[in-house]
Amino acid sequence: LEIDPARSRWSNDGCVWTCREGYRGTHCHTCAEYNELLQRFKPPNSVWEHDSADCSSWRCVEGFVKSSTGFSCVSLAQLYSVCTANHRCFDCLKQEDCVWCGSMPNGRCDGDDDDEDGDCGAGSCLPGVSSTETNEGWMYLGDGNLSSVATCEGEYCSSECQHKKCSDCVQDRACGWCISSERCMMGDQVRPQREVCRAGWLFAHSQQCGTDQGLWLIGLIVACVAMLVV
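If you're wondering where the values come from, they're calculated on a predicted model, not measured in any experiment.

Chemist: I'd like a rundown of the overall build of the chain, residues and numbers included.
Modeler: Across its full length, the chain holds five helices and 13 strands. A buried classification covers 36% of the 230 residues belonging to the chain. Residue pairs at least 24 apart in sequence account for 38% of intrachain contacts in the chain once pairs closer than 6 positions are excluded. Counting every atom, the chain has about 14000 Å² of accessible surface; 51% of that belongs to carbon and sulfur.

Chemist: So what's going on with the sheet that holds strand β12 (residues 183-186)? Which residues, and what values?
Modeler: Taken in spatial order, the three strands line up as β12-β11-β13 in an open sheet, and their pairing is antiparallel. A strand with exactly one partner marks an edge of an open sheet, and here the two such strands are β12 and β13 (201-202). Of the strand pairs in this sheet, strand β11 (residues 175-178) and β12 are connected by four bridges, and their pairing is antiparallel. The residue of β12 that forms the bridge with Trp177 is Cys184.

Chemist: So what about the state of the cysteines? Which residues, and what values?
Modeler: One pass over the full model with this rule turns up eleven disulfides. A sulfur-sulfur separation of 2.2 Å characterises the disulfide bridge that pairs Cys19 with Cys28. On the S-S bond that ties Cys19 to Cys28, the torsion sits near -95°, and the link is left-handed. Between the sulfur of Cys169 and that of Cys184 lies a disulfide, 2.2 Å long from S to S. Linking Cys169 and Cys184, the disulfide has an S-S dihedral of approximately 85° and is accordingly described as right-handed. Highlighted residues: Cys169 in helix α4 (residues 166-170) and Cys184 in strand β12, separated in sequence by 15 residues. On the basis of relative accessible area, Cys169 is assigned to the buried category, the value being 0%. Judged by relative accessible area, Cys184 falls into the buried class, the value being 6%.

Chemist: Before we move on, could you go through the environment of Ser57 and cite the residues and values that matter?
Modeler: Structurally, Ser57 can be placed in the loop between β3 (46-48) and β4 (58-60). Owing to a relative accessible area of 30%, Ser57 belongs among the partly exposed residues under this scheme. Sequence-wise, Ser57 and Phe41 are 16 residues apart; in three dimensions their C-alpha atoms are separated by 9.9 Å. Residues within four places of Ser57 in sequence aside, it is in contact with Trp48, Glu49 and Ser52.

Chemist: Hey, could you go over the pairing of β11 for me, with residue numbers and the actual values?
Modeler: With burial as the criterion, each face of β11 is covered, one bearing Cys175 and Trp177 and the other bearing Gly176 and Cys178. In terms of strand pairing, β11 meets β13 through two bridges, oriented antiparallel. Among the inter-strand pairings, Trp177 is bridged to a residue of β13, identified as Leu202.

Chemist: Requested: an account of the nonpolar core, with residues and values cited.
Modeler: Grouped together as the largest cluster of nonpolar side chains are 25 residues, with contacts concentrated most on Trp177 and Leu202. Looking at this core, the elements with two or more residues in it are α2 (76-84), α3 (89-92), β7 (98-101), α4, β11 and β12. Ignoring sequence-local partners within four residues, the contact set of Leu202 consists of Cys166, Val170, Gly176, Trp177, Ile179, Gln208 and Cys209. Cys31, Cys55, Cys60 and Cys73 belong to the second largest nonpolar core, which has six residues in total.

Conventions used here
Residues numbered from 1 in each chain as written. Predicted model: local features only at pLDDT ≥ 70, side-chain atom pairs only at ≥ 80, totals over all residues. Heavy atoms only, no water. Helix = DSSP H or I, 4+ residues; strand = E, 2+ residues; numbered from the N terminus. Buried < 20%, exposed > 50% of the residue type's maximum accessible area, 1.4 Å probe, protein only. Contact = heavy atoms within 4.5 Å. Areas by Shrake-Rupley, 256 points an atom, 1.4 Å probe, with all protein chains shown as cover. Pairing = 2+ DSSP bridges. Disulfide = S-S within 2.5 Å. Core = buried A, V, L, I, M, F, W, Y, C linked by side-chain atoms within 4.5 Å.

Encoded structure:
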């Protein structure tokens, strides 16, 4: 068996040879050659990591980052354009590989897409990754590396749906009003996104709100009924 001496070396006694660092297999292949023989998957715009233990890891080339699915490399420049086109956390987190950065937990967002009053201007939508367990988000830096500190939100928006009145809440396309708790929550036609509404979920129907006094009475009745059911 003839092996390229640039890829292998003999032992001191000249009886055994081994592959040099960065090469593997019976013919001392590079990771790229080795994985091609094994027909391993690697997405476009990526290269094999030659220093990985079993040669099975790949990384995205410069200017690309691994997608949230983990199976593709997306252009950081294109991702930046997609993310920064969203000026509200609610819209931002609908986009894959985008996180909302710099928002204040006690901030207020009233649903004004033009953001003329500044209520939604406490943050920016940027390329990044997030933790589904903690809502922490890390933005990508210009060199394609992630920030070392989680300063972003990635799963839900703490600054959204801070309306105090039902009529204001249900006019906001990101929010719904829970009658039982008398609170505005981020959600859709069916339910809140992450909070619990025991009964009486109103979404995008301001005519159902009635007066504040009427809502207070309805909320009290709904809460009592819910307690009896439990």
